[in-house]
Amino acid sequence: MTVCPECQGQVSLPDTAMAAEIVVCEDCSSELEVVAVDPPVLALAPEVEEDWGE
Amino acid sequence: MTGDGDAGAWAAAPVALVATRIRVEERMLLDAFQRRAVPCHHVDDRSLVYRVGGPPPPWRAVVNRALSASRRLEVSRWCEAVGTPVLNTPDTLARCDNKIATALALHQAGIPVPHTVVALDPAAGGDAAEEIGFPAVVKPTTGSWGRGVARIGDRDAAEAVFELRGQLASPTQRLGLLQEFRYGRDLRVLVVGGSAVAAITRESGHWVRNTGRGARARAYALDAELASLAERAAAAVGGGVLGVDLLETDTGERLVLEVNGAVEFHGLSAAHTDAPIAETIADHVLSGAPG
Ligand SMILES: [Zn+2]
């Protein structure tokens, strides 16, 4: 278990979690980026950049 | 890389999933390769450094899911230059990531598109809007998730939107694409390697219907005509793994709006729990025939 940086809620990462993976906090619905897995560190996923995505 | 006759070594090489983030789609693709016992490594596109004239990367194929359209294009350009199979190809990405290029390619292939007018400078936006008629939709030529799209009802609104766009720093964002606004049903068809796989329709209280903006996706039956139209649209932009966005008007006319070259498919997967979408994409990558 690790802590949501937005709401301090508990977030459980799947065993397969990897750096750069996006997980969603079940408490506050924030999108969180797995920055590191051992030990687990979560950060708020950044807002979109100008030329991102589909 | 495939031309040296060492097919065994090539088959043993890992697939690279070049991605900025491991979202639902990337996780599904990683799992699909794992189920095929094919090693698939995540490579963060922001970590890539390569020498012009240097060796190809040690990957049998690249699934390019970089989030930034600029970086995505460079990744595919590099892969193609060194002979590494890549999805999507740089030609396809260049057509999909510029909506002017998309509209021109679709029209050239005889595919029905909404009436479209381009204004190369914001000062011409009012005239361009008159040329289309009202209501019209103003779109940025790049970008996604419906960001920066405005519906305008008259020339004053058009000039206001274009005045704002004229203040943007990026020359690309100052380009204007206007399309007639049509009421109808929004459809998305996923095309993989020339074959339409599945379709969804998106519903939302807002006229910008995008699952990235909270629109709900529902499965939509893929009839032969819809499949054929989506496949032709995919071919027109160069083929690959593509999300073809269409509008079915109240009169039953089907128009192709956009083709997405870095397609999100979680909405499609959720609506089609029986359709193995990531599996289909993985099989296509391993078939060694991108495009
Ligand atoms: Zn939270």
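So, how was this worked out
Residues numbered from 1 in each chain as written. Chains lettered and ligands numbered in written order. Predicted model: local features only at pLDDT ≥ 70, side-chain atom pairs only at ≥ 80, totals over all residues. Heavy atoms only, no water. Pairing = 2+ DSSP bridges. Helix = DSSP H or I, 4+ residues; strand = E, 2+ residues; numbered from the N terminus. Axes fitted to C-alpha atoms, helices over the stretch in contact; angles between N-to-C directions. Buried < 20%, exposed > 50% of the residue type's maximum accessible area, 1.4 Å probe, protein only. Salt bridge = Lys/Arg side-chain N within 4 Å of Asp/Glu carboxyl O.

1. Focus on the sheet that holds strand E6 (residues 136-139) of chain B
Residue and element names in this part refer to chain B. Spatial ordering of the open sheet is given by E5-E8-E6-E7, a layout of four strands whose pairing is antiparallel. A strand with exactly one partner marks an edge of an open sheet, and here the two such strands are strand E5 (116-119) and strand E7 (150-152). The sheet shows a mean angle of 25° between the axes of neighbouring strands, direction not considered. Relative to strand E8 (residues 176-180), E5 is paired through four bridges, and the arrangement is antiparallel. Looking at E8, one finds that threonine 116 is bridged to glutamine 179.

2. As for the environment of alanine 16 of chain B
All names here are of chain B. Along the chain, alanine 16 falls in strand E1 (residues 15-19). Relative accessible area serves as the criterion here: at 0%, alanine 16 is assigned to the buried category. Linking alanine 16 and arginine 185, residues 169 residues apart in sequence, is a C-alpha distance of 37 Å.

3. Some points on unusual backbone geometry
Of note, the amide linkage connecting leucine 87 of chain B to asparagine 88 of chain B takes the cis form, showing an omega dihedral of -5°. Mapping asparagine 88 of chain B onto the fold places it in the loop between strand E4 (86-87) and helix H4 (90-96). Note the cis peptide between phenylalanine 134 of chain B and proline 135 of chain B, where omega equals 0°. Relative to the helices and strands, proline 135 of chain B resides in the loop between helix H6 (125-132) and E6. Positive phi, close to 70°, is recorded for glutamine 8 of chain A, a residue that is not glycine. For alanine 37 of chain B, which is not a glycine, the phi torsion comes out positive at approximately 60°. Within the element layout of this structure, alanine 37 of chain B appears in the loop between helix H2 (24-35) and strand E2 (40-43).

4. Some details on the pattern of salt bridges
Residues and elements named next belong to chain B. Counted under the stated rule, the structure contains 25 salt bridges over all chains. Measuring nitrogen to oxygen at the nearest pair gives 2.6 Å for the salt bridge that ties arginine 71 to aspartate 45. Highlighted residues: arginine 71 in helix H3 (residues 69-82) and aspartate 45 in the loop between E2 and strand E3 (61-65), separated in sequence by 26 residues. According to the relative accessible area criterion, aspartate 45 is buried, its value standing at 5%. Here arginine 254 makes a salt bridge to glutamate 248, at a shortest N to O gap of 2.8 Å. There is no split in this pair, since arginine 254 and glutamate 248 are both buried. Here the salt bridges share partners, and the residues they tie into one network are Arg185, Asp223, Glu225, Glu248 and Arg254.

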